[in-house]
Each structure stands twice: as C-alpha cells, then as structure tokens.
Amino acid sequence: MDFDLSPEERALQQKARDFAEAHLFPNEMAIEEHGKLPADILANIHRQVLACGFNAINHAREHGGQGFSLFHQMLVNEEFGKATGGIWGAAWQPAIPLKDGTPEQRERYLVPSCRGERFYCFAITEEGAGSDPRRVRTSASRRQGRWVLSGEKWFVTHGDVADFIIVHALAEGDPDKPTLFLVDKERPGIRVKRSPKFMHNYISEHVEFVFDAVELGDEAVLGPVGGGFELTKDWFVEARLKIAAHCVGAAIRATEIANRYAGERIQFGRRIHDFQAIEFMLADMAVEIMAAKSMLYRVAWDLTQSDDRKRAHAMASVVKLHASEMAGRVIDKALQILGGRGYMRENPVERLYRDVRVDRIWEGTSEIQRAIIGGQIKKRGLGLYTGWVGGAA
Ligand SMILES: Cc1cc2nc3c(=O)[nH]c(=O)nc-3n(C[C@H](O)[C@H](O)[C@H](O)COP(=O)(O)OP(=O)(O)OC[C@H]3O[C@@H](n4cnc5c(N)ncnc54)[C@H](O)[C@@H]3O)c2cc1C
C-alpha cells in the first residue's frame, strides 16, 4: 500500500497552490469591497485559468476539459479552497451532468462551457423544496409538441453571471418524472425576482428566478424524461467532494495563519503558543485536519478506481459531512487564537469563518448527509464505512 503522492501529483498540487497565491488570494478583498467580484477582475482571472490549464478540470479532454481524475481534481480543489469569497469559482468546472447530453447539447453547452465561453447555474431548490427535492413544483407541461416551463427557483448560485440554467422540474407536473432542462437565460418568460444578501460575500449572486410559461423544444431535455433525479445526484456527488476538498484547504490555511501568529504574538512576556491553552487548540486543529484529509484522500482515490455511482453517492456524503463540520470547528479555534485580529474582515480567518458555514447547508445539509449515511448502513451494512476500500469489513 502506497500512500505517497507521485512526483506528478506533487507538481500538480504545487501548481494549484502557486495559482491560488498568485491569482486568487490577491483578489479576495475585492469581493468584500464590492459584494461580488468585479467583472474586469473576473475576466483577468479567467485568462490566467486558461493559460494555466485549470479550466474544466472535471471534464474529458474530448469535450475541451482537462480530463483530471477525481483524485487530481481533489488536489486542485483543496488548494483553491484556501481562498475566500468562493473565488475558486473563477476556475470554472461545468456541471457534470452536461456530459450526459446529446452530441448537439454537448456542442452547444458543454464544449463552450469548458472553454469559458458559456456559464451555467443549477436550479433545484424552491421555496417549498429544499432538503426534500420531491416537493419541487416547477413543472414542464406538454403543449402542441413543446414544453412549457413554469415555476420559481431559489438560491441559484451564479444566477447573475450564468447564461444558461439547468432547471430541475417535473415533466407534466408528475413527481415521478423529475427532469432536467437546459434553459438559455435570455428566453422570454425568465426573470430574476430577487437577489438576497447572504452571510458570506461571494464571487457572484444567489438569485431567485421566475419561469413564466417558458417555451422549450425537446432539444432542451437533458438526459431522459423522468431521469432528472439521477443526474442531479451525480451533480451532488461531485459538488460534495468539492466542498470537502475546499473545507480541508480552508482549515489548513486558517491553522497556518493561527500557528504563525501564536509563534510571534507576545503577551505576559511569552509567545502565546507557549500557553498550553493555545498549544492544545493547535494540537486539536492539526489532529482534526489530519483525520479529515486522510478521509478525503482515501475517498477521492477510491472513487477514482470505480464507476459505481451508488458507492460514490454514499462516500461523498461521509466526506462532505465530516470535512464541513471539521472546518467549522477548526476555523473557530483559529479565530480564537488570533483574538481581535481574527474578527477583522481583512483577516482571511474571519472570512473563512463566514465562508465555511454554508458548507453544512448547501448541497445537502449535515442532517441530510446523516440520513443518507444511515440509509446506506441499513442497505449495504456498516462495513461500507468501517471496512476498507471495496467495502469489506
Ligand atoms: C448560499 C447558498 C447557495 C445555494 N445555491 C444553490 C444552487 O445553486 N442551486 C440550488 O438548487 N440550491 C442552492 N442552495 C440551496 C441549498 O441546497 C438548500 O438551502 C439546502 O438544500 C437546504 O434546504 P433549505 O434551505 O430549504 O432547508 P430545509 O430543507 O427547510 O431544512 C431546514 C432544517 O431542517 C433540517 N431537515 C430537513 N429535512 C430533514 C430530515 N429529513 N431529517 C433531519 N433534518 C432535516 C435541515 O437539515 C435544516 O437544518 C443554496 C443555498 C445557499 C444558502
């Protein structure tokens, strides 16, 4: 068994770290100042993303992506996750269900998305449908051989900058026929109802969309009619792994800042890391990160070896749950070690503290991850989690 990274993997990790330090960290405060990332700065980062080959790392080369394995994506996402304000979103990763489109859909949506010429947002959540997507009411009815889409979607991240929306709706209003639709944002009948403010300042907005009898052809249906939930689950798996990698990166950055400060800050005639209260906090933080990172690397490696979608769904929940809760605990301690300086917005630790809070909510709350894990234990046995790779106890 070899736990070491190959020289190529170390080089990729270093390249991602250098990219974050050169192009993401210096622009973080612009998000704080403007409430989102100004378009000229975003365009500049986009150019760097293309130059460094960090566009569409999650898609195949034949579609214009970088063809990175899940493990290699994780190495990059961990480094990018150290940045605040969701600025990692500037290194775009088009939604994974786009690969399941028809050749025409891939040509129209996926290929230009990989190049950075088109941008998506994914609209599942509604006022009455959050954790329980079966309560979705947005419906696409059949009228004269066309689809007519009506409903409202909430919290749609990147809704302001995207030019197309992947909409999770019910075909014919039937809860057993959840279906994904590719909807160009300029189509008549689509409007932004509201763009509320959230706890974090973020690269883009989380908007509420209204779809008022939006007419679509059959070419707008992504995947099979009624197959939307399976594709949405693939999106959740990828997003949950990405969140876990971001959380590990965020916790490491906060801990490095706190550790450095503790080694320099003098109070009562001593460096504060010589107080056991501080030293023990740093010890707990290091242990928490080591445990979460070990789990993350194992799961990413495991899923890189297998195409088992159900296993991927089961494992993504564990790592998302653990890493997001870990990041909350660790960054809270980092802020405490920094004292008043940790409470200043100019300090990355303050921003990370706000940023990681949503990681316990979006793409399935911690409670929903526990429900998934509990269900998997009943279905597949405890060994899935307590055994080693392959699920053997
Ligand atoms: C900043 C932000 C960005 C987002 N971006 C997007 C996006 O791009 N696209 C999109 O579609 N959605 C997006 N979301 C929505 C997000 O996925 C939902 O907020 C999340 O799934 C929870 O749904 P809810 O907010 O309606 O909470 P609810 O489902 O109402 O849950 C409220 C509470 O009840 C708990 N709960 C619910 N059911 C159970 C249960 N069975 N067992 C135990 N506890 C339960 C929850 O865990 C939570 O604590 C975003 C949300 C935020 C905050």
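Treat the numbers as computed from the prediction; the structure is a model and nothing was measured. (Residues numbered from 1 in each chain as written. Predicted model: local features only at pLDDT ≥ 70, side-chain atom pairs only at ≥ 80, totals over all residues. Heavy atoms only, no water.)

## Quick look at the site of the ligand
Moving on, step 1. Neighbouring the ligand are 18 residues, the closest being Thr125, Ser131, Phe155, Thr365 and Glu367.
Moving on, step 2. Within the side chain of Thr125, an N or O atom sits 2.7 Å from a nitrogen atom of the ligand.
Moving on, step 3. One nitrogen or oxygen atom from the side chain of Thr157 is found 2.7 Å from a nitrogen atom belonging to the ligand.
Moving on, step 4. Considering the ligand on its own, with 980 Å² of exposed area, one finds that the protein chains cover 64% of that surface. (Near = heavy atom within 4 Å. Polar contact = N/O pair within 3.5 Å; in protein donor to acceptor, adjacent residues only side chain to side chain. Areas by Shrake-Rupley, 256 points an atom, 1.4 Å probe, with all protein chains shown as cover.)

## Concerning the packing of helix H4 (residues 70-80) against helix H6 (residues 228-264)
Moving on, step 1. Closest axis-to-axis distance for the H4/H6 pair is 8 Å, and the angle between their directions is 40°. As judged from the angle between their axes, H4 and H6 are oblique. Crossing angle aside, the handedness with which H4 passes H6 is right-handed. Contact with H4, carried on its side by Leu70, Gln73, Met74, Asn77 and Glu78, involves Glu238, Leu241, Lys242, Ala245, His246, Val248, Gly249 and Ile252 of H6 and no other residues of that element.
Moving on, step 2. Residues belonging to the contact of H4 with H6 are distributed by class as follows: 6 nonpolar, 4 polar and 3 charged. (Axes fitted to C-alpha atoms, helices over the stretch in contact; angles between N-to-C directions. Helix = DSSP H or I, 4+ residues; strand = E, 2+ residues; numbered from the N terminus. Parallel < 35°, antiparallel > 145°, perpendicular 65-115°, else oblique. Left-handed = near helix turned anticlockwise from the far one by under 90°. Contact = heavy atoms within 4.5 Å. Nonpolar A, V, L, I, M, F, W, Y, C, P; charged D, E, K, R; others polar.)

## Brief notes about the side chain of His206
Moving on, step 1. Examined against the element boundaries, His206 turns out to sit in strand S7 (residues 206-216).
Moving on, step 2. The buried category is assigned to His206, whose relative accessible area is 6%.
Moving on, step 3. At 2.8 Å, the side chain of His206 and the side chain of Thr157 are in polar contact.
Moving on, step 4. Engagement of the side chain of His206 in a polar contact is seen with the side chain of His200, the distance being 2.8 Å.
Moving on, step 5. Once residues within four sequence positions are removed from consideration, His206 is found in contact with Phe155, Val156, Thr157, Ser195, Pro196, Phe198, His200 and Trp362. (Buried < 20%, exposed > 50% of the residue type's maximum accessible area, 1.4 Å probe, protein only.)

## Quick word on the pattern of salt bridges
Moving on, step 1. According to the stated counting rule, one finds 28 salt bridges in the structure shown.
Moving on, step 2. In this structure, Glu28 engages Arg253 in a salt bridge whose closest nitrogen and oxygen atoms are separated by 2.7 Å. Separated by 225 residues along the polypeptide, Glu28 in helix H2 (residues 28-34) and Arg253 in helix H6 bring together distant segments of the chain. For the pair Glu28 and Arg253, a shared accessibility class is recorded, and that class is buried.
Moving on, step 3. With a closest N to O distance of 3.4 Å, Arg134 and Asp176 form a salt bridge. Highlighted residues: Arg134 in the loop between strand S1 (120-123) and strand S2 (139-143) and Asp176 in the loop between strand S4 (164-171) and strand S5 (178-184), separated in sequence by 42 residues. (Salt bridge = Lys/Arg side-chain N within 4 Å of Asp/Glu carboxyl O.)

## Comments concerning the domain arrangement of the protein chain
Moving on, step 1. When the domains of the protein chain are assigned, the result is domain 1 (7-94), domain 2 (120-222) and domain 3 (229-386).
Moving on, step 2. Look at where the C-alpha atoms of domain 1 and domain 3 centre, and you get two points 19 Å apart.
Moving on, step 3. Listed per partner, the contact involves 22 residues of domain 1 and 25 residues of domain 3.
Moving on, step 4. In total, about 1900 Å² of surface goes out of reach between domain 1 and domain 3, with carbon and sulfur atoms giving 60% of it. (Domains from an automatic or database assignment. Buried area = accessible area lost by both parts, 1.4 Å probe.)

## Topic: the environment of Asn27
Moving on, step 1. Looking at where Asn27 falls in the secondary structure, it is placed in the loop between helix H1 (7-24) and H2.
Moving on, step 2. Sequence-distant contacts of Asn27, defined by excluding residues within four places in its chain, comprise Leu37, Ile41, Ile45 and Ile87.

## A short note on the side chain of Glu9
Moving on, step 1. Turning to its location among the elements, Glu9 is positioned in helix H1.
Moving on, step 2. Nearest to the buried, unbridged Glu9 among oppositely charged side chains is Arg10, at 7.8 Å.
Moving on, step 3. Among residues more than four places away in sequence, those in contact with Glu9 are Asp4, Phe71, His72 and Leu75. (Lys, Arg positive; Asp, Glu negative; His and termini not counted.)

## Focus on a nonpolar patch on the surface
Moving on, step 1. On the surface, Met1, Phe3 and Trp388 cluster together into a nonpolar patch covering about 450 Å² of accessible area.
Moving on, step 2. Residue placement: Trp388 occurs in the segment after helix H11 (383-386).
Moving on, step 3. Judged by relative accessible area, Trp388 falls into the partly exposed class, the value being 40%. (Patch = residues over 30% accessible without salt bridge, like charges linked within 9 Å, V, L, I, M, F, W, Y side chains within 5 Å.)

## Quick word on the nonpolar core
Moving on, step 1. In terms of nonpolar packing, the biggest core is built from 79 residues, with Phe54, Phe80 and Ile337 touching the most fellow members.
Moving on, step 2. Examining the composition of this core, we find that 16 residues originate from one element, helix H8 (residues 309-338), more than from any other.
Moving on, step 3. Lining this core are residues from two domains, each supplying at least three of them: domain 1 (7-94) and domain 3 (229-386).
Moving on, step 4. Here Phe54 is in contact with Leu12, Lys15, Ala16, Phe19, Val49, Gln66, Val76, Phe80, Ala91 and Trp92, once residues within four sequence places are set aside.
Moving on, step 5. Counting residues in each nonpolar core, the second largest holds 21 residues, with Cys121, Leu149, Ala171 and Leu216 among its members. (Core = buried A, V, L, I, M, F, W, Y, C linked by side-chain atoms within 4.5 Å.)

## A closer look at the pairing of S1
Moving on, step 1. Because side chains alternate across S1, one face comprises the buried residues Tyr120 and Phe122, and the other comprises Cys121 and Ala123, equally buried.
Moving on, step 2. As paired strands, S1 and S4 are joined by 4 bridges and run parallel to one another. What sits directly across from Phe122, in S4, is Ile166. (Pairing = 2+ DSSP bridges.)

## A look at H1
Moving on, step 1. Given a rise of 1.5 Å per residue, 18 residues ought to cover 26 Å, and the 25 Å separating the end C-alpha atoms of H1 matches this to within 8%.
Moving on, step 2. All of the buried residues along H1 are Glu9, Leu12, Gln13, Ala16, Phe19, Ala20 and Leu24. An end-on view of H1 places all buried positions within 125° of arc, on one side of the element.
Moving on, step 3. Along its buried surface, H1 packs onto H2, helix H3 (39-52), H4 and helix H7 (276-305). (Expected span 1.5 Å × (residues − 1). Arc of directions from axis to C-beta.)

## Some points on the environment of Val207
Moving on, step 1. Assignment of secondary structure puts Val207 in strand S7.
Moving on, step 2. A C-alpha to C-alpha distance of 26 Å links Val207 and Asp218, two positions 11 residues apart in sequence.
Moving on, step 3. In this structure Val207 touches Lys153, Trp154, Phe155, Val156, Gly159, Asp160, Val192, Arg194 and Ser195, once residues within four positions along its chain are discounted.

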